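# Remarks on the overall topology
Here is how the chains run, residue by residue.
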Amino acid sequence: MLRSPGHDHRSYRLTGPETLLPGERAAILGAVLDRPIQLRPEPDDQARARMAESMPPEMVDAFFQFFRRGGYDDSQVDDVAPTLIGRPLRTFHDWADAHAAAFR
């Protein structure tokens with residue numbers, strides 16, 4: 001569909017059909033795999049040091065601005081993706097269930 005006329009020089013914000021926090025996604029994946037999955041946050045100073053090994057300081061700062069200080073909001077859901085692909089989107093649970101073997 002994206003190769004059809006009208007998409008040149010366009011960018012699309014693609015979302016899933018539901019808003020889920022990382023912990024909610026981990027819980028769903030854990031339920032599908034029938035085992036607990038926990039997220040363990042990395043302290044900011046350790047994350048900065050690790051990221052600085054492979055990124056310029058400006059990129060590290062941008063990451064923290066977007067993801068730690070709330071400059072990035074991924075909680076919006078829209079109908080762009082289903083419109084582009086011509087079908088309803090799968091939920092994260094459906095996706096995890098379909099790909100469970102890859103996580104075992």
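Just so you know, these numbers come straight off a predicted model, no measurement behind them.

Thresholds applied
Residues numbered from 1 in each chain as written. Predicted model: local features only at pLDDT ≥ 70, side-chain atom pairs only at ≥ 80, totals over all residues. Heavy atoms only, no water. Helix = DSSP H or I, 4+ residues; strand = E, 2+ residues; numbered from the N terminus. Rg over C-alpha atoms; globule rule 2.2 N^0.38 Å. Buried < 20%, exposed > 50% of the residue type's maximum accessible area, 1.4 Å probe, protein only. Areas by Shrake-Rupley, 256 points an atom, 1.4 Å probe, with all protein chains shown as cover. Lys, Arg positive; Asp, Glu negative; His and termini not counted. Charge placed at Lys NZ, Arg CZ, Asp CG, Glu CD. Patch = residues over 30% accessible without salt bridge, like charges linked within 9 Å, V, L, I, M, F, W, Y side chains within 5 Å. Salt bridge = Lys/Arg side-chain N within 4 Å of Asp/Glu carboxyl O. Polar contact = N/O pair within 3.5 Å; in protein donor to acceptor, adjacent residues only side chain to side chain. Contact = heavy atoms within 4.5 Å. Core = buried A, V, L, I, M, F, W, Y, C linked by side-chain atoms within 4.5 Å.

### Remarks on the overall build of the protein chain
Counting its secondary structure elements, the protein chain contains six helices and zero strands. Ordered by position from the N terminus, the helices and strands of the protein chain form the series α-α-α-α-α-α. Taken over C-alpha atoms, the radius of gyration comes to 17 Å for the protein chain, far larger than the 13 Å a tight globule of 104 residues would show. Taken along its principal axes, the extent of the C-alpha atoms in the protein chain is 45 × 40 × 25 Å. Split into buried and exposed, the 104 residues of the protein chain put 17% on the buried side. As presented, the protein chain carries roughly 8300 Å² of accessible surface, and 55% of it is formed by carbon and sulfur atoms. For the protein chain, the distance from the average site of its 13 positive side-chain charges to the average site of its 16 negative ones is 4 Å.

### Things to note about a negative patch on the surface
A surface patch of negative charge is lined by Glu18, Glu24, Asp94 and Asp97. Within the secondary structure, Asp97 sits in helix α5 (residues 92-98).

### Here's the deal with the side chain of His7
One can find His7 in the segment before α1 (22-33). Note on His7: relative accessible area 19%, which makes it buried. There is a polar contact of 2.5 Å between the side chain of His7 and the side chain of Tyr12. Not counting residues within four places of it along the chain, the set of residues in contact with His7 comprises Met1, Leu2, Tyr12 and Leu84.

### Structural notes on the side chain of Thr15
Among the secondary structure elements, Thr15 is positioned in the segment before α1. By relative accessible area, which is 11% here, Thr15 ends up buried. A distance of 3.1 Å separates the side chain of Thr15 from the backbone nitrogen of Asp78, its partner in a polar contact. Setting aside residues no more than four positions away along its own chain, Thr15 makes contact with Gln76, Val77, Asp78, Ala81 and Leu89.

### Brief notes about the nonpolar core
Judged by nonpolar contacts, Leu20, Ile28, Leu29, Val32, Leu33, Phe92, Ala96 and Ala100 together constitute the single largest core of eight residues. Taken together, the elements giving at least two residues each to this core come down to α1 and α5. No other element matches the four residues that α1 contributes to this core. Among residues more than four places away in sequence, those in contact with Leu20 are Arg25, Ile28 and Phe92.

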